[in-house]
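Structural features, examined
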Amino acid sequence: MLGSVTRSAVLLLVLAFGLAACSGDDGSTNLSADPTSATTRATTTTSTTPPVPLVFSCPELPIGLGDSNLPATGNTGYDVAAYDLAFDFDIPALVSEPPFLEASATLSATATEPLTAFSLDLLGMDVESVTVDGTPVEWCRRDRELIVGPPFALNTGDGFSVRVDYSGNPTDAEGLFDEFTGVQRAPTGLFVVLEPDGAASLFPSNDHPRDPASFRVAVTAPSDLEVISVGRLVAETSDGDRTTTVWESTEPVATYLLPLAIGDFEIVELESNVDMTVYLYEGSDGIGDFVQQPAILEFFESLFGPYPNDRLGGIVVDVEASIALETQGIPTYSRDLSYEDVIAHEIAHQWFGNYIRLEDWSDIWLKEGLASFAQLLWAEHNYGLERYTRQINGLYGFLVEDPEAHPPGVPERDEMYTGSVYWRGAFTMVALRDLVGDEPVMDLLRAWIDTYGGGTATSADFLAMVDDRLGAEAFEMASAWLYDETIPPLEARGLEPVLGG
C-alpha cells in the first residue's frame, strides 16, 4: 500500500523518482435469547448425553492475536473459512451525509480450541441480533470486540456459523489506525481502505492476515451507481431504483484486502490473459498509465511465476488522498496516485503481501519492501538500467537524510508506513543483487513464492532462506539493511551514509 500521513514520505519518494459496555449500546447485557430454551446444535458425535446449555456473562477473553504492532486485531480460538456479507447502503446525493448501512454478516468457522465464548472484531455499528448455527444467542461489546456466547460449548474441530445483523454509519468508526483507514467517502459514493485494521469498521471479522477466507459480498445500492468488489460478479437484481450486486471469491482473501467501491465509474477492458477491467471515476482523463498493466503483469510473471489470481483490475476513485491499496485482484487508487510506478507496486503486491501474507504486522517490509523492489525492476525493464540506477541514487540520498529511516525489520506501530519500510526494504534486495547477481536473487524470490505462497511468512523465514541459498555474507548484508540503526553503504555503487542514518 501507498498512503498518507507517515505514508506521505513514501509518496514524496515515489514522486521524486476494563469492562466497557456489556451489551447493546445502552450498556446492559443483551438477553436476546434464553440459553436454556435454545435448540440442541448439530454435533458429529454419537453421544446420547445432551449438551449442557451455557450461561453467558460477558467473559473477559484474550484481546487480539498478539500481533506486535496491532495487538488488538484478530482473535484466537477459531478459523474463518468464509464470509457471507450483505450490505444495504443509503448513499445521500454527493455523499453530503455519512452513508447509512444496514447489514448482515455470516461467518463460517471452525473452532481451533474449546470455546464457551468467542470474539469478533467490530468497531462502531449498532448490533441488532446475533445467532450461532441459527439459534439466537447473547452477546456483549467491549472496545473493538463483539463477544458472542454460543448456546452450547464448541469443541476443537467443531464447525459453526455466526450471523450478526447490524447497522450504522461506517465512515464514523473511531479507533482505527488513522483517518485514512476504513470506509471513505467519494463525490458520488464510497470506497474502502481497510489496511491495516479497517475491516472491523465495515463487518464483524477475524481481522488479521493470519486468517484469510473466501468472500461472498452482496451490495444493495442506488441502481445508477456501479458496485465493485472481490472476485467475480455473479448476479445483479434490480427492484425499482435499487440494485443488489453480488460478488464472490473462492480464493482466500485477508480481511484488509477486501475491495469495495460504489459510485459513477467508466468501465475499460484491457486485453490480457486474465480479466483486466479498470473502473475509472466519471470524468477522469482516461486509461492513462493503466495501458501498461498487461505488460507489467507479463514481466512480473517472468520473474515471480504464475499470477496467483484470475483477475487483475483497477479502481480509480475521485479523491486526492495519496492512497493506493493492493485490494486483492483489483487494486484501489486515488486519482492522484494512479500512475505507472504505483501501478507496478500494487501489482507486485498480488504476490508479495496477498499471496504470501504477513504473520505479523511488524514484518510489513516483506510486502512493502519487496513490492518496491519489484517496482524498481519494472522501471529498469521498461526504461533501461540508467533509470534503475538514477532512482537508487536519489532514493539512497533521501533515506540518508530522512530522520524516520529507522530499521525496517522492526518498525514501531507509527513507523509501519515510513519511507524506510518501503525503500530500505527494497534496498535489501538491491544490495543482494549487487553482491550475488541477477540469477541468484531472482531464484531466491521464486523460491520464496514457491515455499510460502498461500500462507504466511516472517522476516526470520526470509533471512533463513537468504542464508541457505546465498550464503553467510548475503545473510549479514540483508540483516544489516533490515536491523542496523545506521543505513548500510551500497559499496558497489559508491554510496555511503555520510550524514548518518
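You'll find the structure just up there.
Heads up: these notes are all about the structure in this document. In this text the structure is predicted, and so the values were computed from the model without any measurement.

This part takes up the overall build of the protein chain. Within the protein chain, the secondary structure is distributed over nine helices and 22 strands. For the protein chain, the proportion of its 501 residues judged to be buried stands at 58%. Accessible surface, the protein chain: about 18,800 Å² in total, of which carbon and sulfur atoms supply 49%.

In space, the three strands of this open sheet follow the order 3-7-6, with antiparallel pairing throughout. Edge positions in the sheet fall to strand 3 (118-121) and strand 6 (138-142), since each has one partner strand and no second. Across this sheet, the average inter-strand angle for adjacent strands is 25 degrees, counted without regard to direction. When strand 6 meets strand 7 (residues 145-149), the two strands line up antiparallel, connected through five bridges. In the sheet register, C140 faces strand 7, and the bridge partner there is I147.

The antiparallel open sheet is built from four strands, whose spatial order is 9-10-15-12. Edge positions in the open sheet fall to strand 9 (182-186) and strand 12 (226-228), since each of these has one partner strand only. Recorded for the sheet is a direction-independent mean angle of 20 degrees between the axes of neighbouring strands. Where strand 9 lies against strand 10 (residues 189-193), five bridges are found, and the strand directions are antiparallel. Within strand 10, the residue paired with G182 across the bridge is V193.

Note on backbone geometry: most residues besides glycine have negative phi, and most peptide bonds are trans. Between E195 and the following residue, P196, the backbone shows a cis peptide bond with an omega angle of -5 degrees. With respect to the element layout, P196 can be found in the loop between strand 10 and strand 11 (213-222). One non-glycine residue, C58, adopts positive backbone phi at about 50 degrees. For C58, the location among the structural elements is in the loop between helix 1 (8-16) and strand 1 (78-90).

Enumeration over the complete set of coordinates arrives at one disulfide. Here C58 connects covalently by a disulfide to C140, the sulfurs 2.0 Å from one another. One quick way to see it: the torsion about the S-S bond of C58 and C140 is about 85 degrees, and its sign makes the bridge right-handed. Remark: C140 occurs in strand 6 and C58 occurs in the loop between helix 1 and strand 1; sequence separation between them is 82 residues. This pair shows no difference in class: C58 is buried, exactly as C140 is.

Here the focus is the pairing of strand 13 (residues 232-239). Within strand 13, only zero of the eight residues are buried, which leaves it mostly out in the open. As paired elements, strand 13 and strand 14 (residues 242-253) share seven bridges and run antiparallel to each other. In the strand pairing of strand 14, S238 is matched with T243. Hairpin connection from strand 13 to strand 14: two residues lie between these consecutive antiparallel strands, with G240 at a positive phi of about 65 degrees.

Time to look at a negative patch on the surface. Residues D90, E102, D126 and E128 make up a contiguous surface patch of negative charge. Secondary-structure assignment places D126 in strand 4 (residues 126-132). Among the residues examined, D126 registers a relative accessible area of 40% and is labelled partly exposed.

Now for the pattern of salt bridges. Per the counting criterion, the structure on display carries 20 salt bridges. The partner of R335 in a salt bridge is E320, with the nearest N and O atoms 3.2 Å apart. Separated by 15 residues along the polypeptide, R335 in the loop between strand 20 (332-334) and helix 3 (340-349) and E320 in the loop between strand 18 (314-317) and strand 19 (324-325) bring together distant segments of the chain. Using a relative accessible area of 59% as the deciding quantity, one classes E320 as exposed. Salt bridges sharing common partners tie together D121, R144, D197 and D207.

This next bit is on the nonpolar core. Judged by nonpolar contacts, the single largest core of 150 residues is most densely connected at F87, F89, F118, F203, F300, F373 and F427. In this structure F87 touches L101, E102, A103, Y166, L202, F203, V217, A218, V219, T220 and L260, once residues within four positions along its chain are discounted.

Their axes nearest at 7 Å, the elements helix 8 (residues 459-470) and helix 9 (residues 472-483) cross at an angle of 150 degrees. Judged on the interaxial angle alone, helix 9 and helix 8 are roughly antiparallel. Across the interface between the two elements, S459, L463, V466, D467 and L470 from helix 8 touch A472, A474, F475, A478, S479, L482 and Y483 from helix 9. Its residues assigned to classes, the contact of helix 8 with helix 9 shows nine nonpolar, two polar and one charged.

What counts and what doesn't
- In every chain, residue numbers begin from 1 and rise along the written sequence.
- The predicted origin of the model limits local features to residues at a pLDDT of at least 70 and limits the giving and counting of side-chain atom pairs to 80 or more, whereas totals for whole chains, interfaces and linings rest on all residues.
- Calculation of side-chain values draws on the structure's entire complement of heavy atoms; hydrogens and water are dropped beforehand.
- Helix and strand labels come from DSSP, where a helix needs a run of H or I of at least four residues and a strand needs a run of E of at least two; each type is numbered from the N terminus.
- Relative accessibility under 20% of the residue-type maximum defines a buried residue, over 50% an exposed one, and the middle range a partly exposed one, all with a 1.4 Å probe and only protein chains included.
- The accessible surface values rely on the Shrake-Rupley method and a 1.4 Å probe; as for residues, cover is taken only from the protein chains in view.
- A strand pair is defined by DSSP finding two or more bridges across the two strands.
- Only the stretch in contact is used when a helix axis is fitted, and all axes are lines through C-alpha atoms; the angle between N-to-C directions ranges over 0 to 180 degrees.
- When two cysteine sulfur atoms are found within 2.5 Å, that pair is recorded as a disulfide.
- Within the patch definition used here, like charges are joined within 9 Å and nonpolar side chains (Val, Leu, Ile, Met, Phe, Trp, Tyr) within 5 Å, considering only residues with over 30% relative accessible area and no salt bridge.
- Salt bridge, as used here, is a side-chain nitrogen of Lys or Arg placed within 4 Å of a carboxyl oxygen of Asp or Glu.
- In this tally Asp and Glu are treated as negative and Lys and Arg as positive; neither His nor the chain ends contributes.
- Just so you know, the charge point we use is NZ for Lys, CZ for Arg, CG for Asp and CD for Glu.
- Nonpolar cores were defined as sets of buried Ala, Val, Leu, Ile, Met, Phe, Trp, Tyr and Cys residues, with membership established by side-chain atoms within 4.5 Å.
- Working rule for contacts: check all heavy atoms of both residues, and any pair within 4.5 Å makes them a contact.
- The cut-offs work like this: below 35 degrees is roughly parallel, past 145 is roughly antiparallel, 65 to 115 is roughly perpendicular, and the gaps in between are oblique.
- Charged means Asp, Glu, Lys or Arg here, nonpolar means Ala, Val, Leu, Ile, Met, Phe, Trp, Tyr, Cys or Pro, and polar covers whatever is left, Gly included.

Note that all results are geometric; they support no functional claim without further evidence.
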